[in-house]
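Observations on chain architecture
Now for the letters of each chain:
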Amino acid sequence: MCLMRRLFYMSLFLLLASCSGNTVYDHYNHTPVSGWDRGEVLTYDVPHLKRGDKYATMLGLRVSEAYPFQSLTLIVEQTVFPEKRTTRDTLNCQIYDPKGTIKGQGINYFQYHYLVSERNLKEGDSLHITVRHDMRREIIPGVADIGIKLSR
């Protein structure tokens, strides 16, 4: 029954995300739930934009109860082409509140969304985005998926 419920919520999330006409890119990469190695860098390639506008980059995060820490520190690098302009953002994602209660939404996996940046991009620009963790421990368990969403 839990699998059915999980599939229902994931389907509902995908349906709601696809209804947004302002989303130009939305992709998740999986990490081994048993452990995400610090050297494993996740990459996202946003194709050429069809119009210039102000865009928001959001990071989606899914973790299981196996995640052992209160927060997760992520390094997000975005390179805008053709200018090759690179910015680096450090996100401190709060997973549990100080009392140990998980803050995300979900049942077996908990979903979080964090704003990375807002920027003006031109028609024809594309982005190369990388995400890696910056935790003291080399391998961290319980992180299932990391996603990037770009919206106007």
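Provided above is the structure to which this section pertains.
Heads up: these notes are all about the structure in this document. The residue count restarts for each chain, going from 1 along the sequence in the order it is written. Where local features are concerned, this predicted model is filtered to residues with pLDDT of at least 70; where side-chain atom pairs are given and counted, the filter is 80 or more; whole-chain, interface and lining totals use all residues. The basis for the side-chain values is all heavy atoms of the structure; hydrogens and waters are excluded.

**Considering the nonpolar core**
Proteins that are soluble and globular tend to have nonpolar side chains buried together. Selection rule: Take the buried Ala, Val, Leu, Ile, Met, Phe, Trp, Tyr and Cys residues and link them wherever side-chain atoms come within 4.5 Å; each set so joined is a nonpolar core. Burial classes: relative accessible area under 20% of the type maximum marks a residue as buried, over 50% as exposed, and values in between as partly exposed (1.4 Å probe, protein chains only). A run of H or I in DSSP counts as a helix once it spans at least four residues, and a run of E counts as a strand once it spans at least two, with each numbered from the N terminus.
Counting residues in hydrophobic clusters, the biggest one holds 33 residues, and the most contacted among them are L59, L61, L72, I95, V131 and I146. Those elements giving two or more residues to this core turn out to be β3 (42–46), β4 (53–64), β5 (71–81), β6 (85–94), β8 (109–121), β9 (126–133) and β11 (143–151). In terms of residues, this core owes the most to one element, β8, which gives 5 residues.

**Focus: the side chain of S151**
Note the threshold: Between N or O atoms, a polar contact is any pair within 3.5 Å; within protein, one atom must be a potential hydrogen donor and the other a potential acceptor, and residues adjacent in sequence are included only when both atoms are from side chains. By definition, residues are in contact when any of their heavy atoms lie within 4.5 Å.
For S151, the location among the structural elements is in strand β11. Within the structure, S151 has its side chain in polar contact with the side chain of T23 (distance 3.5 Å). Residues in contact with S151, not counting those within four places in the same chain, are N22, T23, K54, Y55 and A56.

**Description of the pattern of salt bridges**
Oppositely charged side chains may form a pair once their charged atoms are brought near each other. Applied cut-off: Salt bridges are defined by distance alone: a side-chain nitrogen of Lys or Arg within 4 Å of a carboxyl oxygen of Asp or Glu.
One pass over the full model with this rule turns up 8 salt bridges. Ionic pairing is found between E138 and R38, a salt bridge with its closest N-O pair at 3.4 Å. Of this pair, E138 sits in the loop between β9 and β10 (139–140) while R38 sits in the loop between β2 (36–37) and β3, placing them 100 residues apart in sequence. Assessed through its relative accessible area of 47%, E138 is described here as partly exposed. A salt bridge links R85 to E83; the nearest nitrogen and oxygen atoms lie 3.0 Å apart.

**Side note on the pairing of β6**
This is how it is decided: Between any two strands, at least two bridges found by DSSP are needed for them to pair.
When β5 meets β6, the two strands line up antiparallel, connected through 10 bridges. Of the residues in β6, the one forming a bridge with T79 is T86. Between the end of β5 and the start of β6, which pair antiparallel, lie 3 residues, with K84 showing a positive phi angle near 60 degrees.

**Description of the sheet that holds strand β1 (residues 23–30)**
Spatial ordering of the open sheet is given by β1-β11-β4-β8-β7, a layout of 5 strands whose pairing is antiparallel. Strands at the two margins of the open sheet, each flanked by one partner only, are β1 and β7 (105–106). Note: β7 against β8, 2 bridges, orientation antiparallel. Paired with Q105 across the strands is Q111, a residue of β8.

**Structural notes on the packing of aromatic side chains**
Rules: Aromatic rings from Phe, Tyr and Trp, with only the six-membered ring used for Trp, were paired whenever their centres fell within 6.5 Å, and each pair was classed as stacked if the ring planes differed by under 30 degrees, edge-to-face if by over 60, and tilted otherwise. The rule for a charge over a ring is simple: NZ of Lys or CZ of Arg within 6 Å of the ring centre, and within 35 degrees of the ring normal.
One pass over the structure, following the stated rule, counts 2 aromatic pairs. Measuring from ring centre to ring centre gives 5.7 Å for Y67 and F69, while their planes differ by 75 degrees; the resulting arrangement is edge-to-face. On the basis of an interplanar angle of 10 degrees and a centroid distance of 6.2 Å, the ring pair of Y112 and Y114 is categorised as stacked. Taking the relative accessible area as the measure of exposure, Y112 reaches 5% and is therefore buried. The ring of Y28 carries R62 above its face, with NZ or CZ at 3.8 Å from the centroid.

**Quick word on the sheet that holds β3**
Hydrogen bonds along the backbone pair up the strands of a sheet, which may run parallel or antiparallel. Test applied: Note on definitions: angles span 0 to 180 degrees between N-to-C directions of axes, and those axes are lines fitted to C-alpha atoms, for helices only across the stretch in contact.
Spatial strand order, β3-β9-β5-β6: 4 strands in an open sheet with antiparallel pairing. Because the sheet does not close on itself, it has two edges, and the strands there are β3 and β6. Taken over all neighbouring pairs, the strand axes of this sheet differ in orientation by 20 degrees on average, direction set aside. Here 5 bridges tie β3 to β9, and the two strands are oriented antiparallel to one another. Among the inter-strand pairings, D45 is bridged to a residue of β9, identified as H128.

Remember that the coordinates give geometry; whether it matters functionally is a separate question.
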